[in-house]
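Understanding the architecture of this molecule
The lines below spell out each chain.
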Amino acid sequence: MHSITYPSTLVQTRNDMGVTSLIIGLVSILTLGLFLVGAVLGLILGLLALKRTQRDSAQYGGAGYAIAGITTSAVGLVRIITIS
C-alpha cells in the first residue's frame, strides 16, 4: 500500500507588531503615555499592524491585538492631553 503525503497547509501567522503595540499601549496608560513618545509609538505600530493584517491576512494575524494596541495607546494619549 502506498502512503500519500499532503503538504502542510498550516501557515504560521505573525502578530509581533500588534502585540508590541498592545504592550506599549498598556504601559503608556500606566505611565501617562511614556511622556507622549510611547503613546504615539504604540498608535503608529498598531495602525501599521492593522494595515498589514488587512493587506495579507494569511501571513500576518493579530488584528485584535492591533486594535487593542490602538485603543490603549489612544487612551494613554488622551490621558496626557487631559492632565496637561
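Residues numbered from 1 in each chain as written. Predicted model: local features only at pLDDT ≥ 70, side-chain atom pairs only at ≥ 80, totals over all residues. Heavy atoms only, no water.

The subject of this paragraph is helix α1 (residues 16–30). Over its 15 residues, α1 runs 22 Å from end to end, which matches the ideal 21 Å to within 8%, given 1.5 Å per residue. Among the residues of α1, Met 17, Gly 18, Ser 21, Leu 22, Ile 24, Gly 25 and Ser 28 are the ones counted as buried. (Helix = DSSP H or I, 4+ residues; strand = E, 2+ residues; numbered from the N terminus. Expected span 1.5 Å × (residues − 1). Buried < 20%, exposed > 50% of the residue type's maximum accessible area, 1.4 Å probe, protein only.)

This part is about the packing of aromatic side chains. Taken as a whole and judged by the stated rule, the model has 0 aromatic pairs. Against the face of Tyr 60 rests Arg 52, its NZ or CZ located 4.5 Å from the ring centre. (Phe/Tyr/Trp six-rings, centres within 6.5 Å; stacked < 30°, edge-to-face > 60°. Lys NZ or Arg CZ within 6 Å of the ring centre and 35° of its normal.)

The end-to-end C-alpha distance of helix α4 (residues 63–83) is 30 Å, a good match for the 30 Å that 21 residues give at a rise of 1.5 Å each. Of the positions making up α4, those classed as buried are Ala 66, Gly 69, Ile 70, Thr 72, Ser 73, Gly 76, Leu 77 and Ile 80.

Two quantities define a packed helix pair, namely the angle between the helix axes and the distance between the axes. Interaxial distance between helix α3 (residues 37–55) and α4 falls to 8 Å at its minimum, and their mutual angle equals 155°. Compared by their axis directions, α3 and α4 come out roughly antiparallel. The chirality of how α3 crosses α4 is left-handed. Only Ala 63, Ala 66, Ile 67, Gly 69, Ile 70, Ser 73, Ala 74, Gly 76 and Leu 77 of α4 make contact with α3, whose side of the interface consists of Ala 39, Val 40, Gly 42, Leu 43, Gly 46, Leu 47, Ala 49, Leu 50 and Thr 53. Along the lines of polarity and charge, the residues of the contact of α3 with α4 split into 12 nonpolar, 6 polar and no charged. (Axes fitted to C-alpha atoms, helices over the stretch in contact; angles between N-to-C directions. Parallel < 35°, antiparallel > 145°, perpendicular 65-115°, else oblique. Left-handed = near helix turned anticlockwise from the far one by under 90°. Contact = heavy atoms within 4.5 Å. Nonpolar A, V, L, I, M, F, W, Y, C, P; charged D, E, K, R; others polar.)

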